[in-house]
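Each chain, written out:
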Amino acid sequence: MSEGKKIGFWTCTSLVVGNVIGMGIFILPSSLAPYGFNALIGWLVTLVGCLILARVFAHLSKALPGADGPYEYIRCTLGDLPAYMALWAYWVSLWLTNAALATGVVGYITVVMPQLAVVQPVLFALCLLWLFVIINVFGVRSGGAVQIVTSALKLLPMVAIALLGGWVLLTSPASYVVHPPTTPITFSGILAASTIALYAMLGIESASIPAGRVTNPGRTIPRATMAGAILVAVVYIVVSAVPLLLIEQTELANASAPFALLMDRFSAAGSGRWLALFVVVSGLGALNGWTLLMGELTRTMANNGVLPAVFARQNRRGAPAIALIVTGLLASVMTWLSYSQSLVAAFTFLTRVVTAANLPLYLCCSLALAVLWRRGARVGMGRNALLIATGGAIYAVFAFVGSGHEPFLLAMGLIAAGLPLYAIMRLRRKSPHSATAPAKV
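Below or above, wherever it landed, is the structure these notes cover. Everything numeric in this text was worked out from a predicted model, so none of it was measured.

Thresholds applied
Residues numbered from 1 in each chain as written. Predicted model: local features only at pLDDT ≥ 70, side-chain atom pairs only at ≥ 80, totals over all residues. Heavy atoms only, no water. Core = buried A, V, L, I, M, F, W, Y, C linked by side-chain atoms within 4.5 Å. Buried < 20%, exposed > 50% of the residue type's maximum accessible area, 1.4 Å probe, protein only. Helix = DSSP H or I, 4+ residues; strand = E, 2+ residues; numbered from the N terminus. Salt bridge = Lys/Arg side-chain N within 4 Å of Asp/Glu carboxyl O. Axes fitted to C-alpha atoms, helices over the stretch in contact; angles between N-to-C directions. Parallel < 35°, antiparallel > 145°, perpendicular 65-115°, else oblique. Left-handed = near helix turned anticlockwise from the far one by under 90°. Contact = heavy atoms within 4.5 Å. Nonpolar A, V, L, I, M, F, W, Y, C, P; charged D, E, K, R; others polar. Polar contact = N/O pair within 3.5 Å; in protein donor to acceptor, adjacent residues only side chain to side chain.

### Section: the nonpolar core
- Core analysis: the biggest nonpolar cluster contains 126 residues, and Trp-43, Leu-87, Tyr-90, Met-201, Tyr-236, Met-301 and Tyr-362 have the highest contact counts within it.
- Among the elements that make up this core, the one with the highest residue count is helix 5 (residues 80-112) (19 residues).

### So, the pattern of salt bridges
- Scanning the entire structure with this criterion turns up three salt bridges.
- A salt bridge links Asp-80 to Arg-426; the shortest N-O distance between them is 2.9 Å. You can see Asp-80 sitting in helix 5 and its partner Arg-426 sitting in helix 16 (residues 405-428), a full 346 residues away along the chain.
- On the accessibility criterion, Asp-80 (19% relative accessible area) is buried.
- Look at Arg-426 and you get partly exposed, because its relative accessible area is 42%.
- Residues Glu-296 and Arg-299 are paired through a salt bridge, measuring 3.0 Å at the closest nitrogen-oxygen approach. Of this pair, Glu-296 and Arg-299 both sit in helix 12 (residues 271-303), separated by three residues, roughly a single helical turn.
- Classification of Glu-296 as buried rests on a relative accessible area of 2%.

### Some details on the packing of helix 3 (residues 37-63) against helix 15 (residues 385-403)
- Two elements in contact, helix 3 and helix 15, have axes separated by 9 Å at closest approach and are oriented at 130 degrees. Between helix 3 and helix 15, the angle is such that the two are oblique. Crossing handedness for the pair helix 3 and helix 15: left-handed. On helix 15, the residues touching Val-45, Thr-46, Gly-49, Cys-50, Ile-52, Leu-53, Arg-55, Val-56 and His-59 of helix 3 are Ala-385, Ile-388, Ala-389, Gly-391, Gly-392, Tyr-395 and Phe-398.
- Its residues assigned to classes, the contact of helix 3 with helix 15 shows 10 nonpolar, five polar and one charged.

### Describing the environment of Glu-205
- Mapped onto the elements, Glu-205 comes out in the loop between helix 8 (187-201) and helix 9 (217-246).
- The buried category is assigned to Glu-205, whose relative accessible area is 0%.
- Counting along the chain gives 189 residues from Glu-205 to Val-16, while the straight-line C-alpha distance between them is 7.0 Å.
- With near-sequence residues (within four places) excluded, Glu-205 lies in contact with Phe-57, Tyr-90, Trp-290, Asn-358, Leu-361 and Tyr-362.
- A polar contact of 2.3 Å, which involves the side chain of Glu-205, links it to the side chain of Tyr-90.

### Thoughts on the side chain of Ser-93
- Position of Ser-93 relative to the elements: it lies in helix 5.
- The exposure class assigned to Ser-93 is buried, which follows from its relative accessible area of 1%.
- Each residue touching Ser-93, except ones within four places of it in the same chain, is listed here: Val-354, Ala-357 and Asn-358.

Treat this as a map of the structure, not an account of what it does.
Have a look at this one:
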């Protein structure tokens, strides 16, 4: 691929920021409110764990700059089957996430612009979904340009919340101690809160997924991954603490739009509605970013022979058009199901599995880094690489425990559902090394 069709540091950083800051953070203060100060401690645990995972991906991309993303990181260290199992679960989680984003964005758009409520919600959601499929069919740089713009815009409401919190602290500091959360701090509360918070941090690996499309990946991906992760970590700590301390715990737990409630109460009346507009922008940016990654991951898996080869075909703009269309269709089915009254409960439960479905990727990449360290492939690695790998693996196991047995079992079921396809593709293809290396005896 020509350098003109590749993406650089700012696009990679915007992928991390844009995919991590989706729509979850805008309702997470309400979800975490019942946990009180357990939520803040849980956030710290989650952010430390995710920064460690970001270091894992940074080390891997530096040590294996020629690898085409996490699939090859795992395949060349742990083998074909672990790579397939981890990436299959992650692949399924991508189009489940896009379905949830499309339906969520429609809900917010109709609040900001009530006149659009006349459009059938399911048709509206499908139109948004396919809009971003079409944008990304025009090439990774096209999708990347949209990502930079939406990532910058979605940071504005975060900055507004932070500034509001600082202004209240300066003008009426007593507001922060009027009604502190009363829930006692417990290990189980911290564990539950940190698992909920992890859903809002999914996407820290985003810069490494399209590794084959990145300019100078050995340098660009580590820098973008760490820059994006640190920026998001700072933003999340601030915007989570402010509503928890300024709004009464029960009221916050029942708020459908906690940031809008905060703005309306401590700023000009009606300002919350303008904030909702940026929620829409944030959701659209995340939808674009995850669409880009859906296509790139599908192409990578097809190139490695574990999905049909047709998914690896590129159009004249270098985009995996068939992969984007097929994954768009899968996301469309889930979007349609989300509007079926009889299946809404089932779909809502499936979205809880997205977090658990991401964890095999995080665990396997941490183990891959440990294997590279043991082999002595320490290109760009310091002596702390093993500690980073160990910390990433421990955090992934911790998150598995916190996710609960039902999401965990369903995530394992998703992996098992992909194994027949793996067996079929394995039988249909030759070994990827057969043409270049002698058979082992």
